[in-house]
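The chain contents come next:
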Amino acid sequence: MTKLPAQKFLAYSRGEYITYEWQPPDVPDVAAPEHLADIYQHFRNWILERHGPDAPEIKSQIAIDDAGVRALLQIAFFASLRTDEDRPTRGTLYVESPGESTSMCVVTFGRPEPLTDALVAKLTPTLSADDSVLVVESHDGRLVTTGIANLDDHQSDAQPLVPPQGWLGRRGGLLIGIRGPGIISLRQGYCDYTLERNRVVGHVAAATIPPVAEWLSEMQKSLLSRAPKSAKDSPYFFREEDGHQDLDFVLSRSLTTASGLRHGAAIAVLSDVNTAPITITYPTNNRRSVKDLVQQFWSALGEAHRVQKTDQGPNAIARCERARHAMLNQAEVVGRLTATDGSVVLDRSFQVRGFGAIIDPALTTESGTLTFEPPETNSALTEADLLRRFGTRHRSAYLLCKACPHTIVFVLSQDGGWRVFTSDDKSVRFTEHVSP
């Protein structure tokens, strides 16, 4: 049996922010789609037992039962092994929560189509947008697809004066992804697992990796120290004990944007950009960092809440929405800059210092004195194994962390999976199966 790592995450429950720590069940070393269903059922039962029926995860209960989830995973798995006109099956199946709006549907079928693996292989090529999905429902005890929808990851339907974040990072339904032959994923919120050729792997949210969380907390403390009183009086203001939800969302937006470009990427966060052993092909001189734009949004949000019921309200709300757009747009810019060869370079205030950065070749022979610390999930992994296993982008990320303490490098492989390299004063750590 394989013991999956515990999941830790921050969520809003019963009027306060709390840290969840959930231990998923063990899975067989040779797993099948049914074991993804076991994990999902365990997650929902744990939420119900631990946090009760008012927990947001329970309120977003999907519109099919456990047997339906198991059947859907089987269909997705067999669809992953099919091709249609020599095209491999790639795409996402989506089960809505009952309370969700149907406005996201872009195509509604004239009649519900019985869901089969052959039909999934036939229809997934129509899912052109990154957030396009086949909508799945249960009719008369059988699974059907009722149309094609866009999940609206850009939140065009976001409510005014509400920060762009939530426990899911998406809508409240269940996502079943088909990533390649024998590779399917299941995600609802932080229950995020993939079956990769008979092996189950769990995904760690990027913002929960300790050095990444430390970086975000550092920015959060700086923001809190400068936040105006109007922002602190806002009902959506985050105190230090509430974590760094807004910054989590901004980082997620950057990584998700890079993923959508469908090629490899690297984003390096450096303590001292000027002394790092890198050559930046395209240096930048931005006036404002992403952190500055978050602070601007906080201020605009607080002011809009303060005057929303006065004559100044409409203009204040408009300014708040412009600040929100500027913040998210800058986060997306960070992701889009990864389209060039080399790394995007950030300092610890989330300011872009350049892109197309190349590591100094001398690091291949003089790579610092930090030691490699293998991940808990693969304690047998050695430095030699790591360097042999991956290509140039991962090797460069590792060597940069080894040469520069307190560095974070997010690396996206060609197959679409994120990995993170981090360093402190003593060692370099490696985290794989990272979710944006």
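Only a predicted model underlies this, so the values are computations on that prediction, with no experimental measurement involved. (Residues numbered from 1 in each chain as written. Predicted model: local features only at pLDDT ≥ 70, side-chain atom pairs only at ≥ 80, totals over all residues. Heavy atoms only, no water.)

A. Quick peek at the sheet that holds strand β9 (residues 174–180). The strand order β6-β8-β7-β5-β9-β10-β11-β12 describes an open sheet built from eight strands, whose pairing is mixed. Of all strands in the sheet, those bounded by a partner on one side alone are β6 (105–114) and β12 (200–202). Looking at each pair of strands side by side, their axes are set apart by 25 degrees on average, direction ignored. Both strand β11 (residues 191–196) and β12 contribute to a ladder of three bridges, which runs antiparallel. Looking across to β12, one finds that Thr194 is bridged to Val201. Strand contacts of helix α1 (residues 33–51): β9, β10 (183–188), β11 and β12, with the helix running at about 170 degrees to β11, the strand carrying the most contacts. Taken strand by strand, helix α3 (residues 66–80) contacts β5 (91–95), β7 (132–139), β8 (142–150), β9, β10 and β11, and its axis lies near 20 degrees from that of β9. (Pairing = 2+ DSSP bridges. Helix = DSSP H or I, 4+ residues; strand = E, 2+ residues; numbered from the N terminus. Axes fitted to C-alpha atoms, helices over the stretch in contact; angles between N-to-C directions. Contact = heavy atoms within 4.5 Å.)

B. Spotlight on the nonpolar core. With 47 residues, the main nonpolar core has Val212, Trp215, Phe350 and Phe410 as its most contacted residues. Ranked by residue count, the leading element in this core is helix α8 (residues 290–307), at nine residues. If we skip the residues at most four places from it in the chain, Trp215 touches Leu251, Val269, Asp347, Arg348, Phe350, Ile408 and Phe410. In this structure, Ala31, Leu36, Leu73 and Leu174 belong to the second largest nonpolar core, which totals 40 residues. (Core = buried A, V, L, I, M, F, W, Y, C linked by side-chain atoms within 4.5 Å. Buried < 20%, exposed > 50% of the residue type's maximum accessible area, 1.4 Å probe, protein only.)

C. Geometry of the pattern of salt bridges. Here the structure, examined in full by the defined rule, presents 18 salt bridges. For Arg87, the salt bridge goes to Asp84, with nearest N and O atoms at 2.8 Å. Overall, the relative accessible area of 10% leaves Asp84 in the buried class. Arg353 is paired through a salt bridge with Asp347; the nearest N and O atoms lie 3.5 Å apart. The exposure class assigned to Asp347 is buried, which follows from its relative accessible area of 13%. Beyond isolated ion pairs, a larger network of salt bridges with shared partners links Asp84, Glu85, Arg87 and Lys122. (Salt bridge = Lys/Arg side-chain N within 4 Å of Asp/Glu carboxyl O.)

D. The arrangement of the pairing of strand β20 (residues 418–423) in detail. Most of β20 is tucked away, with six of its six residues classed as buried. Of the two faces of β20, the one carrying Trp418, Val420 and Thr422 and the one carrying Arg419, Phe421 and Ser423 are both buried. Here β20 pairs with strand β21 (residues 427–435) via five bridges, running antiparallel. Directly across from Trp418, in β21, lies its bridge partner Val434. Where β20 hands over to β21, the hairpin turn is made up of three residues, counted between the paired strands.

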